[in-house]
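Descriptive structure summary
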Amino acid sequence: MLKQLEMAHWMLKDIIKTNDVVVDATMGNGYDTQFLAELGANVYAFDVQEEALNATEKRLDDAGIKNQIFEKNLSKLLTEPSVNLVLSGHEKLSEYVKEPIKAAIFNLGYLPKTDKSVVTKADTTLTALDALTNQLVVGGRIAIMIYYGHEGGMEEKNAVIKWTSSLPQKDWEVTSYAPLNQIHTPPILVLIEKRK
Ligand SMILES: C[S@@+](CC[C@H](N)C(=O)[O-])C[C@H]1O[C@@H](n2cnc3c(N)ncnc32)[C@H](O)[C@@H]1O
């Protein structure tokens, strides 16, 4: 069986085409940013930690992927497909991404082996989801990997599941993928697709 992250990537790869605008809402060490860039998409990746941008920049450089860093608002729209690493919370994504969005991915929680106090939070995650769903194209998808074993994680998990579950069925398909018999707190994948 596919792991949750493999399933998330599979569901995104299924729809992303060259030049599509996509969002990595939680850049971290840049694994998802690289995955999206290698699909030929125009990527906007967000993180609040400078370490994340540095790690991702290195990962992309090592992979030969052109990228640029933004620490302030993008003053112009980018005309060529590119990878844009933005030092900002995903809750401000609509200040940076003006185009219709084809897909997005979140890996909620904290960056392993770094400061565990910097975690995603329910209110900012929901703000970002609200902005994303407003800009998502028909047929677009959002994959949310919910890690919730840490302090505050359960609150965020409950908030995300409640919010996504309330999206109107006629416009949105919302589904989840998670193991049921594991003793710890394996991540839950929530997938959203815009129907019309
Ligand atoms: C689980 S890690 C992401 C892992 C990442 N996808 C990867 O491939 O390595 C969660 C990340 O979310 C970041 N984060 C926390 N709050 C955020 C926010 N409001 N906006 C964007 N990123 C945030 C953390 O700094 C951390 O790097």
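Scroll up a little and you will see the structure.
A quick note: this is a predicted structure, and the numbers were derived from the prediction, not measured. (Residues numbered from 1 in each chain as written. Predicted model: local features only at pLDDT ≥ 70, side-chain atom pairs only at ≥ 80, totals over all residues. Heavy atoms only, no water.)

What about the overall build of the protein chain?
A tally of helices and strands in the protein chain yields 6 helices and 8 strands. Walking the protein chain from its N terminus toward its C terminus, one meets helices and strands in the order α-β-α-β-α-β-β-α-β-α-β-α-β-β. Against the compact-globule benchmark of 16 Å for 196 residues, the protein chain has a radius of gyration of 16 Å, which places it among compact chains. Expressed along its principal axes, the backbone C-alpha trace of the protein chain runs to roughly 45 × 40 × 30 Å. Considering the protein chain as a whole, with its 196 residues, one finds that 53% of them fall into the buried category. Restricting the contact set of the protein chain to residue pairs at least 6 apart, pairs at least 24 apart contribute 66%. Carbon and sulfur atoms provide 51% of the accessible area of the protein chain, an area that totals close to 10200 Å². Here the protein chain contributes 21 positive and 26 negative side-chain charges, whose respective centroids are spaced 5 Å apart. (Helix = DSSP H or I, 4+ residues; strand = E, 2+ residues; numbered from the N terminus. Rg over C-alpha atoms; globule rule 2.2 N^0.38 Å. Buried < 20%, exposed > 50% of the residue type's maximum accessible area, 1.4 Å probe, protein only. Contact = heavy atoms within 4.5 Å. Areas by Shrake-Rupley, 256 points an atom, 1.4 Å probe, with all protein chains shown as cover. Lys, Arg positive; Asp, Glu negative; His and termini not counted. Charge placed at Lys NZ, Arg CZ, Asp CG, Glu CD.)

So, the packing of helix α5 (residues 122-135) against helix α6 (residues 153-165)
Here α5 crosses α6 at 25 degrees, and the two axes come no closer than 9 Å. Here α5 lies roughly parallel to α6, going by the angle between them. Along this stretch, α5 crosses α6, giving a crossing that reads as right-handed. Along the contact surface, α5 presents Ala122, Thr125, Leu126, Leu129, Asp130 and Thr133, while α6 presents Glu155, Glu156, Ala159, Val160 and Trp163. (Axes fitted to C-alpha atoms, helices over the stretch in contact; angles between N-to-C directions. Parallel < 35°, antiparallel > 145°, perpendicular 65-115°, else oblique. Left-handed = near helix turned anticlockwise from the far one by under 90°.)

Some remarks on the pattern of salt bridges
When the charged atoms of two side chains with opposite charge come close together, those side chains can pair. Following the criterion strictly, the structure yields 6 salt bridges and no others. We note a salt bridge from Lys170 to Asp171, for which the minimum N-O separation is 3.2 Å. Classification of Lys170 as exposed rests on a relative accessible area of 57%. Of the charged contacts in the structure, one is a salt bridge between Arg195 and Glu173, with a shortest N-O distance of 3.5 Å. Linking Arg195 in the segment after β8 (188-194) with Glu173 in strand β7 (residues 172-177), this pair joins segments that are 22 residues apart in sequence. The class of Arg195 is partly exposed, set by a relative accessible area of 39%. (Salt bridge = Lys/Arg side-chain N within 4 Å of Asp/Glu carboxyl O.)

As for the site of the ligand
Close to the ligand lie 23 residues, the nearest being Thr26, Asn29, Asp47, Gln49 and His90. Take Thr26: an N or O atom from its main chain is 2.9 Å from a nitrogen atom of the ligand. Here an oxygen atom of the ligand sits 3.1 Å away from a polar atom, N or O, in the main chain of Tyr31. For the ligand, whose unbound accessible area comes to 610 Å², protein coverage reaches 93%. Secondary structure elements with two or more residues in the shell around the ligand: α2 (31-37) and β2 (42-47). Its residues assigned to classes, the shell around the ligand comprises 10 nonpolar, 10 polar and 3 charged. (Near = heavy atom within 4 Å. Polar contact = N/O pair within 3.5 Å; in protein donor to acceptor, adjacent residues only side chain to side chain. Nonpolar A, V, L, I, M, F, W, Y, C, P; charged D, E, K, R; others polar.)

Brief notes about the environment of Leu136
Within the element layout of this structure, Leu136 appears in strand β6 (residues 136-146). What makes Leu136 buried here is its relative accessible area of 3%. Residues Leu136 and Lys102, spaced 34 residues apart in sequence, show a C-alpha to C-alpha distance of 5.8 Å. Beyond its immediate chain neighbours, meaning those up to four positions away, Leu136 contacts Ile101, Lys102, Ala103, Arg141, Ile142, Trp172 and Lys194.

Comments concerning unusual backbone geometry
In this model, Asn19 sits at a positive phi of 75 degrees, which is unusual for a non-glycine residue. You can see Asn19 is positioned in the loop between α1 (4-13) and β1 (21-24).

Quick word on α6
The end-to-end C-alpha distance of α6, which contains 13 residues, comes to 18 Å, matching closely the 18 Å that a straight helix rising 1.5 Å per residue would cover. Looking only at α6, the buried set comprises Gly153, Glu156, Lys157, Ala159, Val160, Trp163 and Thr164. When α6 is viewed along its axis, its buried side chains cluster within an angular range of 165 degrees and face the same direction. Residues of α6 that are exposed and point more than 90 degrees away from the buried face comprise Glu155, Lys162 and Ser165. (Expected span 1.5 Å × (residues − 1). Arc of directions from axis to C-beta.)

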